[in-house]
Amino acid sequence: MSNELVDWESDPNGMMKVYQGQNYDLGQSIADLVDNGIDEGAKEVDIVINPGNFEDELFIAIFDNGTGIAEDQFDDIMKLGHSTKTDASKLGVFGVGLKLSSLAQANEVTIVSRQGENAPSLRRISAPYILKNNQNKLMKYPVSDADGDDSPAYKFCYQKMLEEEWSTFVLLESIHAVDQFVAINENYKTSLSKELKRVMIHLGLTFHRILEKEEVTINIGNGSSSKCIQPLHPGMPMEDDIDFGTVSSNQQTVAYDNNNVQLNVKVEYIILPHTKTIQNKSSLEINKGYKRANDMQGLYIYRNERLIQYGNWQGMFGNGVNRNDEHAKLGKIFIDIPSDHIKLFGLNPTKTEVKLPKEFLRRLLDDSKKERKWGPIENGKEISFFDAFDKRYRKDGNAHKKRKEQLGNITDDVTSNGGEDGPTISDPKARVRERKKKLKPRKIITSVEQNDRDIVLTFTGSDEERDNFIESIKEWRTNE
């Protein structure tokens, strides 16, 4: 058998078509570029989506205040497949994210960076040049107009970099992917405005843990004004109604063995409120991005505090068929991939999908079938995760309506009887809520004494006030 080897050549023209054909939404591309800045220590990221007056004037730029790139490192960093990120706390793995995510949107990609007080360095990937000349070449000068002047977009970004002391910006010009979000029955700016909202929601979801900790600030705007990206927690923790709010299993551990390496993967089962019981309008924002509520059910996969993928059961629900069921849209499973074992968990090079190992999914499925208590669902009976979110979907809408009707009857009766002797209802918690709502507060505790873990209260109210007070304490304890 011959031991001879030959070079495996690639055609620059053909490969550029592959790079530009990657299936990125605009939000995914921008999130990937934001990741690069955060990986390099950025505490602030500024995204500019400047529409111009026409589609061919649109440009997108991402600024960050990370460590920057030195001139002597630039060419290595720009190699496809070359990654200098060996730190497991960083998201970069394959060394293609910046290039693919940028080229998926734009024909011209310019990166300008500097370290400290050094002069900025520049590299540009020009798809038209590579397609025309069939050569993989990087340019060290920006896009120019017909008169040879730097493009208006580059001038704006370079000036912004100097004035606001950013260390790096990535500029996308000649946006070929604009057709992906411009609707055929809308004008360009209307479609772009809607796409901007989807981008903001995607960023709020992707970086919600980082934003919640206030580790990084991400702003987005058109270059003259901007908004701060707000964290959007897909588990809706603000929905804290004791009867109908979000239910969490808290973090569980699923053990997974791979080639004699045992991993303890952190998972959390979440059951959302029924749509009819949601109290905060902001909770519904998570369903207004690139995916609607039905497509948001399933697995939520995190690595290093980034939400890499959301939605899709990967065969765990529906007898192995990847489908979304209306009755399952309230169920979510949060999974934290161990940082130092990312290759075992199937993260693709574009960082838009994680294909979990079958054995891990089997372990996760077995764990999800364990019978647990899910707060008030099914009156606290121990049932599986799948049964719990199904029962919440089927029952909570009517139960919430019944509670509202009961409270309405109490209100009507209290009003007609001058506030005396309202009807008795079956839900004592509803009675407590109603009494707390109707009665004016007055001092009923005259002293508090504490002895080790015992607390003695001196109570001066009526028997009914005492009973309501005790019910309130019980309700608080349950809620905790």
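Residues numbered from 1 in each chain as written. Predicted model: local features only at pLDDT ≥ 70, side-chain atom pairs only at ≥ 80, totals over all residues. Heavy atoms only, no water.

(A) Molecular detail of the sheet that holds strand S11 (residues 306–310). Read across the open sheet, the five strands follow the order S8-S9-S12-S10-S11; overall the sheet is mixed. The open sheet is flanked by strand S8 (247–258) and S11, the only strands paired with a single partner. In this sheet, neighbouring strand axes are inclined to one another by 25° on average, regardless of whether the strands run parallel or antiparallel. The sheet contact formed by strand S10 (residues 298–303) and S11 spans four bridges and is antiparallel. Counterpart to Ile-301 in the pairing with S11 is Gln-309. The strands touched by helix H9 (residues 358–368) within the sheet are S8, strand S9 (261–271), S10 and strand S12 (331–336), with S8 carrying the most contacts at an inclination of about 140°. (Pairing = 2+ DSSP bridges. Helix = DSSP H or I, 4+ residues; strand = E, 2+ residues; numbered from the N terminus. Axes fitted to C-alpha atoms, helices over the stretch in contact; angles between N-to-C directions. Contact = heavy atoms within 4.5 Å.)

(B) Spatial organisation of helix H1 (residues 12–20). Here H1 has its buried residues at Pro-12, Asn-13, Met-16, Tyr-19 and Gln-20. The arc that holds every buried residue of H1, seen down its axis, measures 115°, which confines them to one face. Packed against the buried residues of H1 are helix H4 (97–103), strand S3 (106–113), strand S4 (121–126) and helix H5 (127–133). (Buried < 20%, exposed > 50% of the residue type's maximum accessible area, 1.4 Å probe, protein only. Arc of directions from axis to C-beta.)

(C) Expanded view of the packing of aromatic side chains. By the definition in use, this model includes 20 aromatic pairs. Relative to Phe-334, the ring of Tyr-300 has its centre 5.4 Å away and its plane inclined at 40°; by these criteria the two rings are tilted. In this pair, Tyr-300 sits in strand S10 while Phe-334 sits in strand S12, placing the two residues 34 residues apart along the sequence. For the residue pair Tyr-300 and Phe-334, the accessibility class agrees, reading buried in each case. These aromatic residues form a ring-pair network of at least three members: Tyr-269, Trp-313, Phe-317, Trp-374, Phe-385, Phe-386 and Phe-389. When the ring centre of Phe-63 is taken as reference, the NZ or CZ atom of Lys-160 above it lies at 5.3 Å. The aromatic ring of Tyr-302 is capped on one face by Arg-209, whose charged end is 3.6 Å from the ring centroid. (Phe/Tyr/Trp six-rings, centres within 6.5 Å; stacked < 30°, edge-to-face > 60°. Lys NZ or Arg CZ within 6 Å of the ring centre and 35° of its normal.)

(D) How the structure looks around the sheet that holds strand S1 (residues 44–50). Overall, mixed pairing links the seven strands, which are arranged S4-S3-S5-S2-S1-S6-S7 in an open sheet. Both outer strands of the open sheet, S4 and strand S7 (226–228), are each paired with one neighbouring strand and no more. Across the sheet, the mean angle from the axis of one strand to that of its neighbour is 15°, orientation sign disregarded. In the sheet, S1 pairs with strand S6 (residues 217–221) via five bridges, with the strands oriented parallel. Looking at S6, one finds that Ile-47 is bridged to Ile-220. With respect to the sheet, helix H2 (residues 26–39) is in contact with S1, strand S2 (59–64), strand S5 (168–175) and S6, its orientation differing from that of S2 by roughly 25°.

(E) Examining the side chain of Asp-46 more closely. Structurally, Asp-46 is set in strand S1. One polar contact links Asp-46 to Lys-160, side chain to side chain, over a distance of 2.8 Å. Residues within four places of Asp-46 in sequence aside, it is in contact with Ala-61, Ile-62, Phe-63, Lys-160, Glu-164, Trp-166, Asn-219 and Ile-220. (Polar contact = N/O pair within 3.5 Å; in protein donor to acceptor, adjacent residues only side chain to side chain.)

(F) Quick peek at the confidence of the model for the chain. On average, residues of the chain carry a pLDDT of 84, and 81% of them reach 70 or more. For the stretch residues 91–95, pLDDT sits under 50, and the model shows 26 contacts to residues farther than four places along the chain or on other chains. (pLDDT = per-residue confidence, 0-100.)

(G) Representation of the environment of Phe-169 in the model. Here Phe-169 is to be found in strand S5. Exposure remark for Phe-169: the relative accessible area of 0% places this residue in the buried category. Along the sequence, Phe-169 and Ile-47 sit 122 residues apart, while their C-alpha atoms lie 9.4 Å from each other. Discounting residues that sit within four places of it in the chain, Phe-169 has contacts with Ile-62, Phe-63, Thr-110, Ile-111, Val-112, Tyr-154, Cys-157, Tyr-158 and Met-161.

(H) Highlighting the packing of H2 against helix H7 (residues 188–206). It is at 9 Å that the axes of H2 and H7 come closest, and there the two elements cross at 45°. Classified by the interaxial angle, the pair formed by H2 and H7 is oblique. H2 and H7 meet at a crossing whose hand is right-handed. Where H2 approaches H7, its residues Leu-26, Gly-27, Gln-28, Ile-30 and Ala-31 are matched on the opposing element by Glu-195, Val-199, His-202, Leu-203 and Thr-206. The class makeup of the residues in the contact of H2 with H7 is five nonpolar, four polar and one charged. (Parallel < 35°, antiparallel > 145°, perpendicular 65-115°, else oblique. Left-handed = near helix turned anticlockwise from the far one by under 90°. Nonpolar A, V, L, I, M, F, W, Y, C, P; charged D, E, K, R; others polar.)

(I) Examining the nonpolar core more closely. If you look at the biggest cluster of nonpolar residues, it comprises 47 residues, and the most contacted ones within it are Leu-299, Trp-313, Ile-333, Phe-360 and Leu-364. Examining the composition of this core, we find that six residues originate from one element, S9, more than from any other. Once you skip the residues sitting within four places of it in the chain, Leu-299 turns out to touch Gln-309, Tyr-310, Gly-311, Asn-312, Trp-313, Gln-314, Met-316, Ile-333, Ile-335, Leu-356, Leu-361 and Leu-364. Residues Leu-33, Ile-62, Leu-172 and Ile-210 belong to the second largest nonpolar core, which totals 46 residues. (Core = buried A, V, L, I, M, F, W, Y, C linked by side-chain atoms within 4.5 Å.)

(J) Expanded view of the pairing of S1. In terms of residue burial, S1 counts as a mostly covered element, since five of its seven residues are buried. The sheet contact formed by S1 and S2 spans six bridges and is antiparallel. Paired with Val-48 across the two strands is Ala-61, which belongs to S2.

(K) Layout of unusual backbone geometry. We note that Gln-314 has phi near 50°; this positive angle belongs to a residue other than glycine. Turning to its location among the elements, Gln-314 is positioned in the loop between S11 and S12. On the basis of relative accessibility, which here comes to 6%, the residue Gln-314 falls in the buried class. The backbone phi angle of Asn-379 is positive, close to 55°, even though this residue is not glycine. Structurally, Asn-379 is set in the loop between strand S13 (372–373) and strand S14 (382–383).

(L) The arrangement of the side chain of Asn-287 in detail. For Asn-287, the location among the structural elements is in the loop between S9 and S10. Judged by its relative accessible area of 15%, Asn-287 is buried.

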